[in-house]
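Examining the three-dimensional arrangement
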Amino acid sequence: MQIKKLIFASSYIGQAGICIILLSALIAAASYVGKQNETYSFLNHFISELGEIGVSPLAHIFNGGLILGGLLTSFFMLGLATHIGGNWGLGLGVIGLVTGISVTLVGIFPMNQLAIHILVANTFFYAGLLMALAYSLYVISSHQPRLPKVTALTSGITMLAFAVFVWFLPPPLEDVQVISEILKNRPEIWTLPILEWLVFLCVMGWIGSTASLMRKSMKN
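Throughout what follows, the structure given in this document is the object of discussion. (Residues numbered from 1 in each chain as written. Predicted model: local features only at pLDDT ≥ 70, side-chain atom pairs only at ≥ 80, totals over all residues. Heavy atoms only, no water.)

1. Re the overall build of the chain
The secondary structure content of the chain amounts to seven helices and zero strands. Reading the secondary structure of the chain in the N-to-C direction produces α-α-α-α-α-α-α. Its C-alpha atoms give the chain a radius of gyration of 18 Å, within 12% of the compact-globule value 17 Å for 220 residues. Taken along its principal axes, the extent of the C-alpha atoms in the chain is 55 × 30 × 25 Å. (Helix = DSSP H or I, 4+ residues; strand = E, 2+ residues; numbered from the N terminus. Rg over C-alpha atoms; globule rule 2.2 N^0.38 Å.)

Next comes the structure, spelled out in structure tokens:
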């Protein structure tokens, strides 16, 4: 019974986590002033630029939001994995924990430390892709999944968003040099940041809806 209460609580904690991350991003974006005195644009600025210390005025709020939000969503991932149980739950728990902790690490290592920042950010993108894929396979392949099969729709959309973003990523060995050069003269409309925001919104939607449906399935 105590485990069930913790799983139930993790659904609310996960939703609190995504709200904290989203709110911190919007607050930082509203006050952003870039190196060329430009305002923040969702069409050509990366999310991580909101946490660049010395550039983003409220970088500490954004980074703090990622650190706290990442920890809270990690707890949700563990709750979700426990709710699913078995080998699927174990696998999803490991992948989900890596995904959530990598969000926290992005806040700990902002863009000022670009090499390690890219490493932990890419860990999030690849782990998130694997998480969304594995969850979709679990729901589709299980005869009696612990959550409604409709959740495979939001996880599938999230998986596609991750996959498209990863496809557009520059070669790993050139990440730092390529991104640094382009940031000096960024295009007005840039595919990669737009796709990154799409991933961000899909993850928010998937966690939020899955948490709600997990609570509902536990009440039945």
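Picking up where we left off.
2. A look at the state of the cysteines
The tally for this structure, following the rule as stated, stands at zero disulfides. Distance from the sulfur of Cys19, which forms no disulfide, to the nearest cysteine sulfur (Cys202) is 17 Å. On the basis of relative accessible area, Cys19 is assigned to the partly exposed category, the value being 49%. (Disulfide = S-S within 2.5 Å. Buried < 20%, exposed > 50% of the residue type's maximum accessible area, 1.4 Å probe, protein only.)

3. A closer look at the packing of aromatic side chains
A complete count under the given rule lists 14 aromatic pairs for this structure. Each ring, one from Phe124 and one from Phe162, has its centre 5.6 Å from the other, and the planes form 65°; the classification is edge-to-face. Here the residue Phe124 occupies a position in helix 4 (residues 114-141), and Phe162 occupies one in helix 5 (residues 151-168), the gap between them amounting to 38 residues. No difference in accessibility class separates Phe124 from Phe162, as the two residues are buried. These aromatic residues form a ring-pair network of at least three members: Tyr32, Tyr40, Phe42, Trp197 and Phe200. (Phe/Tyr/Trp six-rings, centres within 6.5 Å; stacked < 30°, edge-to-face > 60°.)

4. Looking at the environment of Asn122
Secondary-structure assignment places Asn122 in helix 4. On a C-alpha basis, the gap between Asn122 and Met77 in space is 19 Å, while along the polypeptide they are 45 residues apart.

5. Considerations on a nonpolar patch on the surface
Residues Leu22, Leu26, Phe42 and Leu201 make up a contiguous nonpolar surface patch of about 350 Å² in total accessible area. Judged by its relative accessible area of 40%, Phe42 is partly exposed. (Patch = residues over 30% accessible without salt bridge, like charges linked within 9 Å, V, L, I, M, F, W, Y side chains within 5 Å. Areas by Shrake-Rupley, 256 points an atom, 1.4 Å probe, with all protein chains shown as cover. Salt bridge = Lys/Arg side-chain N within 4 Å of Asp/Glu carboxyl O.)

6. Notes on empty space enclosed by the protein
In this structure the tally under the stated criterion is one cavity of 30 Å³ or more. Reported here for the largest cavity is a volume of approximately 600 Å³. In this structure, the largest cavity is lined by 39 residues; those nearest its centre are Val106, Ala121, Phe124, Phe125 and Glu196. Put simply, the parts of the chain that give the lining of the largest cavity at least two residues each are helix 1 (2-30), helix 2 (59-84), helix 3 (86-108), helix 4, helix 5, helix 6 (175-184) and helix 7 (191-219). The element contributing the most residues to the lining of the largest cavity is helix 4, with ten residues. Here the lining of the largest cavity is built from residues that sort into 28 nonpolar, nine polar and two charged. (1 Å grid on protein atoms, 1.4 Å probe; cavity = no way out; pocket = protein on both sides within 12 Å on 5 of 7 lines; lining within 4 Å. Points joined across faces, edges and corners; volume = space filled by probe spheres on them. Nonpolar A, V, L, I, M, F, W, Y, C, P; charged D, E, K, R; others polar.)

7. As for the pattern of salt bridges
Following the criterion strictly, the structure yields three salt bridges and no others. A salt bridge links Lys35 to Glu52, with the shortest nitrogen-to-oxygen separation between them at 3.5 Å. Here Glu52 lies in the loop between helix 1 and helix 2 and Lys35 lies in the loop between helix 1 and helix 2, a separation of 17 residues in the sequence. Its salt-bridge partner being Arg186, residue Glu49 comes within 2.8 Å of it at the nearest N-O pair. Residue Glu49 is found in the loop between helix 1 and helix 2, and its partner Arg186 is found in the loop between helix 6 and helix 7; the two are separated by 137 residues along the sequence. Judged by its relative accessible area of 2%, Glu49 falls in the buried class. Taking relative accessible area as the criterion, Arg186 reaches 16% and is therefore assigned buried. Beyond isolated ion pairs, a larger network of salt bridges with shared partners links Glu38, Glu49 and Arg186.

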